[in-house]
Amino acid sequence: KEMLEVLNKLNVEQNKFYILGDTDVDKEQIVTDVLNKSGFKLLNNTNELVFNKAISPIMIAGISSFDKVNEALYNETDAVYKIVLIHESDFADKLVDYDINTIIAGHSLGGLVKVPFIGGIIKQKNGEKYLDGSYQITDKITLYTSNGIGTDKYPYRALNTPSFNIYRLYNKAN
């Protein structure tokens, strides 16, 4: 109930989207109920076009299954900018040949335990290469990986600040 109240306070002009992660599967009904009731839309191998005072839309796609990338990215309308949401950050390398601009990922938890000057030492499978921050993975594609707010097998974090990221999109031309 508290989470629903907090999420309902997120005031946005357009839309709020989400994808499910591997740990959400066990409690998928609870997670989807809370997020749907607070105005979020699930992007499960689908996409949405977002128009905001523009003729050309931005496409936001959610990919949960990499055998359905083409399905998730398909839209008859040409989007000027394409953002892809994935859970496991290391899967960004599988998207380098697609016409996309930005990938937003999580899963890595930043490495759970960080050692100064070394970085994350307890890493998630499929979250080992891109732990946190931004990465220019091709000339055209930037990946942003969030530390997230949770834990996994080990119920702790050390020297690793949780993060809740908000992305604001704006037109560079203005």
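Just above, that's the structure.
These figures come from a predicted structure and were not determined experimentally.

What about the pattern of salt bridges?
This structure, assessed with the given rule, holds five salt bridges. A salt bridge links lysine 41 to glutamate 48, with the shortest nitrogen-to-oxygen separation between them at 2.3 Å. Judged by relative accessible area, which is 22%, glutamate 48 ranks as partly exposed. The partner of aspartate 99 in a salt bridge is lysine 140, with the nearest N and O atoms 2.2 Å apart.

So, the packing of aromatic side chains
All chains considered together, the criterion is met by three aromatic pairs. Both rings, one in tyrosine 130 and one in tyrosine 135, keep their centres 4.9 Å apart while their planes meet at 65°; by these two values the pair is edge-to-face. Both rings, one in tyrosine 144 and one in tyrosine 167, keep their centres 5.8 Å apart while their planes meet at 55°; by these two values the pair is tilted. Placement of the pair is tyrosine 144 in strand β10 (residues 142-145) and tyrosine 167 in the segment after β10, with a sequence separation of 23 residues. In this structure tyrosine 144 comes out as partly exposed when scored by relative accessible area, which is 31%.

Focus: the sheet that holds β10
If you trace the six strands from one edge of the open sheet to the other, you get β3-β4-β5-β6-β10-β9, paired in mixed fashion. Unpaired on one side and paired on the other, β3 (46-50) and β9 (133-136) mark the two borders of the sheet. Sheet twist, expressed as the mean angle between neighbouring strand axes with direction ignored, is 20°. Pairing of strand β6 (residues 102-106) with β10 involves four bridges; the strand directions are parallel. Across the sheet, residue isoleucine 103 finds its bridge partner in β10, namely leucine 143.

Calculation notes
- Residues numbered from 1 in each chain as written.
- Predicted model: local features only at pLDDT ≥ 70, side-chain atom pairs only at ≥ 80, totals over all residues.
- Heavy atoms only, no water.
- Salt bridge = Lys/Arg side-chain N within 4 Å of Asp/Glu carboxyl O.
- Buried < 20%, exposed > 50% of the residue type's maximum accessible area, 1.4 Å probe, protein only.
- Phe/Tyr/Trp six-rings, centres within 6.5 Å; stacked < 30°, edge-to-face > 60°.
- Helix = DSSP H or I, 4+ residues; strand = E, 2+ residues; numbered from the N terminus.
- Pairing = 2+ DSSP bridges.
- Axes fitted to C-alpha atoms, helices over the stretch in contact; angles between N-to-C directions.

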